[in-house]
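Chain and residue survey
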Amino acid sequence: MVRKSVKLTGLFMAVSLLLVAALAGCGSQGAKQNTSNASAADTITIGAPDAATGALANEGKLVHDGYTLWQDVVNKQGGLLVGGKRYKINLVFKDDQSKPDNDKSLTEQMITQDGIKLFLSPYASPNIFAASTVAESHKVPMIAAGGGAKKIFERGYKYIFSSYPYSGEYLGSVLDLLKGRGIKTVAFLHADDLFSQEADQGGEAYAKSHGFDVVYSAQYPSGATDLSSQLTQIAQKKADALIGTGHFEEAVQLVKQAKQMNVNFKAMAFTVGPTMPAFAQNLGKDAEGVLGASLWTPDLPYKDDVFGTAAQYAALYKQSFGTEPDYHAAMASAAAEMMGLAIQKAGSADPQKVRDALAGLGTVHLFDGSFTIEPNGSIKGLVLPVIQIQNGKAVTVWPAPFDKNIKDIPLPPWSKR
Amino acid sequence: MHLWGQIIVNGILQGGVLGISALAFSLQWGVMDLINLAHGSFQILAAYLALTLLNSLGIDPFLSLPLIFLLFFAAGYLLQLWIINRVISANLFMTLLLTFGMDFVLANLMILLFSADYKSINTGYANASLHLAGIELPVVRLLALLFLIVLSVLLWLFLEYSRTGRAIRATAMERESARLMGIKIPAVYALTFGLGSGLAAVGGVFFGLSNTFSPAAGGPLTVGAFVVTILGGVGTSWGPLAGGLILGLLEAVGSVVFGPTYVNVITFGLLLLVLIIRPTGVLGRAAR
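Residues numbered from 1 in each chain as written. Chains lettered and ligands numbered in written order. Predicted model: local features only at pLDDT ≥ 70, side-chain atom pairs only at ≥ 80, totals over all residues. Heavy atoms only, no water.

Below, the discussion takes up the overall build of chain B. Check the secondary structure of chain B and you find 11 helices and 2 strands. Listing every helix and strand of chain B by position from the N terminus yields α-α-α-α-β-β-α-α-α-α-α-α-α. Relative to its length of 288 residues, chain B is compact, with a C-alpha radius of gyration of 19 Å against a globular reference of 19 Å. If one aligns the C-alpha atoms of chain B with their principal axes, the spans along those axes are about 60 × 50 × 35 Å. Counting over 288 residues, chain B shows a buried share of 57%. (Helix = DSSP H or I, 4+ residues; strand = E, 2+ residues; numbered from the N terminus. Rg over C-alpha atoms; globule rule 2.2 N^0.38 Å. Buried < 20%, exposed > 50% of the residue type's maximum accessible area, 1.4 Å probe, protein only.)

Right, dumping it as C-alpha cells:
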C-alpha cells in the first residue's frame, strides 16, 4: 500500500516534469551576457531578445544574423550618421529560449536594468506579441521582424512597428501564380499557431474570392508527425493543389507522406519550408517543383543606400555567415534598417522621437522592396515573391517577369519522377 | 484508394512507429521504476548517428542499426552503472531530476555537434511504398511495425525464458528478495538500461527515417512514449505494441471523424480515461 502510493506520487511528479519539459521546449542556456557599453556617448544601443536556443533556434539564428549584418555594415561605414555625427551601433541580444514568457521578462530587464530604449523584436508572432506588451508599457519602440500576425497590431499599440506584411497576405502571390496555371481546386492544411491560422484564413479568403474551389480545409496540431490520413482524405476530394501553412517539419512531412501515399497534386505550396535550403536537402528530388511563399529573394530588383541591391545584400550576408540569406534574415535586416532610418529622421536616439519618426516614415524604399508604414505600425504594399525548388535550389518564379522561370506546373505524378 | 481501408492501415502503421519508440521507455519503467525523461533525446542522438554514418561512410541505416544498437547498449550500460545507479534506490524524484538534466545536456550537446538545422535520413526507400489491393503501405512504417513485433517477441522470450531475463523479472517484482537470492541488482539495472538504450536507438533510427528531426525533437518523443506506455501497460513486453496500435488507430480514425485538430484532445483524453478506469494500462499487471 505504501509502495503503491509512492508509485502514484512518482507518476504525478513525472507528469508534472514532462509538462514542464514540453512547455520549456528543449535546450536551455542562460541569457547571453550583456556586452553593451551603452554609456559610451558615440554608441547607439539596440536590444533584441532572440531565440538562440529552443524550438525556434533555427529561424532565431537567421533573424539574429540579419540584425547583426545591418550593425556590421553600418559600423563598417563609420557608423550611423545622425545629425552630422556618426554613431556606432551596438546590438544586445538575449536568449529567450524560444519562449514568449521569457521575452516579457527579458525585455523588462533590458529596459529597466540595462537602460536600453530601442528594440528589435524576437522571432515569431507569439514572442513579438509578448515582448511588445512590455515595450509598449515603457513607451519604448520595437520593430518586429519574424511575425506578421494581425493580432499584434490590433491592440491599439503605438510603439510596435514591423517590416513584415500581415500573415494573411502571404499566400496571395502563390494563388495568383496557380490561377494562371489552370489550378481550380485547392486543399488547405494548417497548423494551430497564430501565424499559420492567419496565413491560412487570409489564403482561403483570397482563394474563394478569386474563383478557386476550396475542397478541403483542416487544422492540425503543431508538430504533427503523421498526416497520412488527411492526405488520404484530400486525395478523395481530388484537389489540384495542396497549400500547407505550418512549420518546416510539417511541410517536409507532407511532401514525404504525399509520396508515400501516392497522392498526386498538380501543385504543392507551403508558407514555411521551401525557402529554407534545408527543405531541398531533406527531401532530395522529391522537393522538385514545390512552391514556397516567400517575402524576399536575392533576385528582386530593389536597392537602398546601406546594402545596395538585393543581390549585393545576399553577397554581403554570405561573406559574413557563409550561407545564402533567406527571407527571415533579409526581413530582419530590413527591420534594423527601418530603425536606422527612424533614428536618422528623429536626429536622436530618444525613444519617443524615434517612435514619432517611425510613425511618420511614410513610404520607404529598401533592398527588400517599397512599402508604406500604416498608422497601426504594420506595413502594406510589399510585393511578395514566390519561389520554386528547381534542381535543389530556390528559384524566384513570381512576380512577373520571373514567371517565365516556372517549371513543371502541373507537377508530374510521383510514378513519373 | 479505399478511404477507410487506407485510414485503418495508416493508423496501424503509425501504431508501429509510436510503439517502437516506446519499447525502451516501457522496459526501463517496468523493470526499474525509472522514467527516463532523456528517452527522446537518446532517440534523436541515434538518428543523428545513423545519418552521420550514411553521409560520411555511405552505410545504410539498416546495416548500421546493429552497430548503433551495440554502441547505445554499451553507453547505456555504463551510464547506469556509473551514474544512474547512484540515485536509483533513492526516491523516484531523484531519477526524474537526473534524466531531466541528462535530456538538457543531450539536447544542447546535439545543437553544438549538429547545429539546430532540421535533418532527415533520406535513403532511396525512405519515401517508397508498396501498393496492395488499392492500399498504400509506406515501406519504412511497415518495417517499423515488423521490427516492433519481432523485438517484442524477442524481448518476451528473453525475459520469460533466459536466466538473465528471469533475473531481470525477479528484480522488477521484488528487489530486496532478488538481492537476497544472489542477484546483483546494479548489474541487472545496468543491463536493463543498456538494453533499453539500444532499443531506444532502434526507435530513433526509424524516427529519423520517417520524420524530420532536430535536436529539439526529443521532448515530444518522450511524451509520446509516455502515453503509449501508460496505455499499453507497464511491465509487459506487449505493452508498447498494444499501446501503439490503440493510439495510432484512434488518432487516424479520430483525425478523420473529428478533424486533425482534435488529435491531442483524443490522445490525452484517452490517457486520462485509462488512468482512471484501468491505471495498469490495457495489458499491464496489477500493482504488485
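A few words now on the interface of chain A and chain B. Facing 48 residues of chain A, the contacting portion of chain B comprises 55 residues. Regarding the contact of chain A and chain B, the summed buried area is about 4500 Å², with carbon and sulfur atoms giving 59% of it. For D226 of chain A, the salt bridge identified is with R141 of chain B, shortest N-O distance 3.9 Å. Summed over the shared surface of chain A and chain B, the number is 16 residue pairs in polar contact (both at pLDDT 80 or more). Elements represented by at least two residues in the side of chain A that touches chain B include exactly α1 (2-24), α2 (57-76), β8 (213-220), α7 (228-236), α8 (248-260) and α9 (277-283) of chain A. Tallying contributions element by element places α1 of chain A first for the side of chain A that touches chain B, with 12 residues. For the side of chain A that touches chain B, the residue count by class is 20 nonpolar, 19 polar and 9 charged. (Contact = heavy atoms within 4.5 Å. Buried area = accessible area lost by both parts, 1.4 Å probe. Salt bridge = Lys/Arg side-chain N within 4 Å of Asp/Glu carboxyl O. Polar contact = N/O pair within 3.5 Å; in protein donor to acceptor, adjacent residues only side chain to side chain. Nonpolar A, V, L, I, M, F, W, Y, C, P; charged D, E, K, R; others polar.)

Further remarks concern the pattern of salt bridges. Residues and elements named next belong to chain A. Evaluated as defined, the whole model comprises 10 salt bridges over all chains. Residues D65 and K61 are paired through a salt bridge, measuring 2.6 Å at the closest nitrogen-oxygen approach. A residue pair is termed a helical-turn pair when its members lie 3 or 4 positions apart in one helix, as D65 and K61 do in helix α2 at 4 residues. Judged by its relative accessible area of 5%, D65 falls in the buried class. The closest approach of N and O atoms between K259 and D286, which form a salt bridge, is 3.3 Å. Separated by 27 residues along the polypeptide, K259 in helix α8 and D286 in the loop between α9 and β11 (291-293) bring together distant segments of the chain. Residue D286 is classed as buried on the basis of its relative accessible area, which comes to 6%.

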